[in-house]
Structures are given as C-alpha cells and as structure tokens.
Amino acid sequence: MVKVWDWPLRAFHWSLAFFVALAWFTPGTHDSLHRFAGYAVIVLIAFRIGWGVFGTRYSRFRAFGRRLGAAPAYLLKLHRGRTGRYRGLNPAGTAMLAAMLLLLSVSTVTGWMSTTVRFFGVPWVEDTHGYVSHAVIALAAVHVLGVVLMCVLQKENLIRAMVTGWKRRVAVPARRV
C-alpha cells in the first residue's frame, strides 16, 4: 500500500461534498444556511488552490496541465476499456477537478454577488448562479459514476482510498480470457 491522499486533501474533498449538498438543498427554505454553505465552499476552494501549490506530492498541481491535455485521449482509451493506472488523479479526474473548481468558483461568486446591493435581483446574476449550480450537481453525479466505473475496471476501492488515503502500490493483474 502507498499513501496517496493526505488528510488535508481528504478533509477538503468530503467537506466540499457536504457543503455543496447542503447548499443544493437549502436555497429558498433556509437561506442563511445556504449562504453559510456557499461561504464555506469559497474557503474550501481557496484552500484547495493553496494546497495545489504548497501541498504534498499527490495534492499538487505539478502535472495538472499535462494530465488535463491528456484527458481527451484518456477518455477515448477508457471507452475502449484501457484505463492505465495512476496513483494520483488520472487525466479524467484532473479534468473533473478543473471543471469543478471553475464552476464552483462561478457559483459562489454569483451567489455572493446576488446578496450585494448592486447585484441583488439582477437577472443574469441569478440565472448564472442557478445554471452553474445545476451544472455542479450534474458534474458531481458524473464524478460519482466515474469513480464507480474506475473501481470496477481497475478492481480497486477508490472510495476507501479517499477515506483512508491509501491505494495499492501495484495494479491487480488483468485476467486472461
């Protein structure tokens, strides 16, 4: 076994999931809780960007550009059943991280804007916040499905890895047909 995900990254991941879900289920009914969740997400995004620069090996954005550029080819190979093995994020996971950070940033900024005097009730701010927030939930669903798919294809419990931080050092050999 090898330690891949450090505890700050795991705490970020599960806290982000919690606060995004909280924000999703509370608008209009518990607005103060919705705003609190949005501000928590802003703090978590700032933390993740900082941890991507100064964090531990698999948390850093060191290979971010290279893996992001490799995402289309990776998804094509994945479609053909060839996954490759990565200790950290695979190219699809890197693309998901980039998309999530971008969409969450837009969602939280437009959410904050809608609480200000200048932008309160401005249609494009409210519409952008709503559409982007829906896109975040759609991406979260795609993320969960992708993790489950990779668990099956690679015969590795990636959910446990995000809880414990540990992954297998070597891949399980493929069965010969």
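Residues numbered from 1 in each chain as written. Predicted model: local features only at pLDDT ≥ 70, side-chain atom pairs only at ≥ 80, totals over all residues. Heavy atoms only, no water.

Moving on, we get to the confidence of the model for the chain. On average, residues of the chain carry a pLDDT of 92, and 96% of them reach 70 or more. Taking the mean pLDDT of every element in the chain, the minimum, 89, falls on strand β1 (residues 2–3) and the maximum, 97, on helix α1 (residues 7–25). (pLDDT = per-residue confidence, 0-100. Helix = DSSP H or I, 4+ residues; strand = E, 2+ residues; numbered from the N terminus.)

A word on the packing of helix α4 (residues 91–113) against helix α5 (residues 123–154). Following both chains from N to C, one finds α4 and α5 inclined at 150°, their axes separated by 8 Å at the closest point. One finds that α4 runs roughly antiparallel with respect to α5. In the packing of α4 onto α5, the handedness of the crossing is left-handed. Every residue of α5 that contacts α4 at M96, A99, M100, L103, L104, V106, S107, T110, G111 and M113 is listed here: W124, V125, T128, H129, V132, S133, A135, V136, L139, A140, V142 and H143. Here the contact of α4 with α5 is built from residues that sort into 15 nonpolar, 7 polar and no charged. (Axes fitted to C-alpha atoms, helices over the stretch in contact; angles between N-to-C directions. Parallel < 35°, antiparallel > 145°, perpendicular 65-115°, else oblique. Left-handed = near helix turned anticlockwise from the far one by under 90°. Contact = heavy atoms within 4.5 Å. Nonpolar A, V, L, I, M, F, W, Y, C, P; charged D, E, K, R; others polar.)

A few words on the packing of aromatic side chains. In total, this model carries 7 aromatic pairs according to the counting rule given. The interplanar angle of 70° and the centroid separation of 6.0 Å between the aromatic rings of F19 and F36 together place this pair among those described as edge-to-face. A residue pair is termed long-range when its members are at least 10 positions apart, and F19 in helix α1 and F36 in helix α2 (residues 31–54) qualify at 17 residues. Using a relative accessible area of 17% as the deciding quantity, one classes F19 as buried. Here the aromatic cluster, defined as three or more aromatic residues joined through ring pairs, consists of F12, F47 and W51. (Phe/Tyr/Trp six-rings, centres within 6.5 Å; stacked < 30°, edge-to-face > 60°. Buried < 20%, exposed > 50% of the residue type's maximum accessible area, 1.4 Å probe, protein only.)

Glancing now at unusual backbone geometry. Notably, K155 is not glycine yet its phi reads approximately 50°, a positive angle. Tracing the backbone shows K155 in the loop between α5 and α6 (158–164).

So, on to the nonpolar core. Ranked by internal contacts, the top residues of the largest apolar core, which has 27 residues, are W5, L16, F19, V20, V41, L104 and V136. At the level of secondary structure, the elements contributing two or more residues to this core comprise α1, α2, α4, α5 and α6. Sort the elements by how many residues they give to this core and α1 lands first, with 7 residues. Ignoring anything within four residues of it in the chain, the contact list for V20 reads V41, L104, V136 and I137. Counting 6 residues, the second largest nonpolar core, distinct from the first, contains Y74, V147, C151 and L158. (Core = buried A, V, L, I, M, F, W, Y, C linked by side-chain atoms within 4.5 Å.)

On to the side chain of S133, then. Considering the arrangement of structural elements, one finds S133 in helix α5. What makes S133 buried here is its relative accessible area of 16%. Ignoring any residue separated from it by four or fewer positions in sequence, one finds S133 in contact with W24 and S107.

Our next topic: helix α3 (residues 64–79). Across its 16 residues, α3 extends 22 Å between first and last C-alpha, which sits within 8% of the 22 Å expected from 1.5 Å per residue. A maximum bend of about 50° is found in α3 at A71, where proline P72 lies one to four positions downstream. Inspection of α3 places A71, Y74 and L78 among the buried residues, and these make up the whole buried set. If you follow the buried residues of α3, they end up packed against α4 and α5. Phi turns positive, to about 90°, at G81, one or two residues after α3. (Expected span 1.5 Å × (residues − 1). Bend = angle between axes of the 7 residues up to and from the residue.)

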